[in-house]
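Coordinate inspection notes
This is what each chain is made of:
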Amino acid sequence: MRHFTLCKNGMKRYKTTELRICTACGEPIADKYLFDIDGCAWHGSCLRCTVCLTLLERQPSCYFRDRQVYCRADYLK
Ligand SMILES: [Zn+2]
Ligand SMILES: [Zn+2]
């Protein structure tokens, strides 16, 4: 079980030409910001709860398990 707290500090700005592949949609992330959780990268707009599709970018925390992300309510179910 791993719990990651998301906050603005968790958003990394990328200035390099290195392209990270989004874990959710498989597309390269060309945005200024991405979410990096445990070495996996997401578009901010792709980081949604697997169950209820809540946009986790706006949540104070998210839960990560088996390369899937959950909001707090669904993770604790
Ligand atoms: Zn994506
Ligand atoms: Zn949820």
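Residues numbered from 1 in each chain as written. Chains lettered and ligands numbered in written order. Predicted model: local features only at pLDDT ≥ 70, side-chain atom pairs only at ≥ 80, totals over all residues.

1. Describing the environment of Cys25
Tracing the backbone through its elements, the reader meets Cys25 in the loop between strand E3 (20-21) and strand E4 (28-29). Put simply, Cys25 and Leu47 are 22 residues apart on the chain and 9.8 Å apart in space, counted from C-alpha to C-alpha. Beyond its immediate chain neighbours, meaning those up to four positions away, Cys25 contacts His43 and Cys46. (Helix = DSSP H or I, 4+ residues; strand = E, 2+ residues; numbered from the N terminus. Contact = placed C-beta atoms within 7 Å.)

2. Here's the deal with the confidence of the model for the protein chain
With 77% of its residues at a pLDDT of 70 or more, the protein chain shows a mean pLDDT of 76. Averaged pLDDT values for the elements of the protein chain fall to 48 in strand E2 (residues 11-13) and rise to 89 in helix H1 (residues 72-75). Low pLDDT (under 50) marks residues 7-11, which in the prediction has three contacts with non-local residues, meaning those over four places away or in another chain. (pLDDT = per-residue confidence, 0-100.)

3. Some words on the pairing of strand E7 (residues 62-65)
As paired strands, E7 and strand E8 (residues 68-70) are joined by three bridges and run antiparallel to one another. Counterpart to Phe64 in the pairing with E8 is Val69. If you look at the hairpin formed by E7 and E8, you'll find two residues sitting between the two strands, and Asp66 has a positive phi there, around 50°. (Pairing = 2+ DSSP bridges.)

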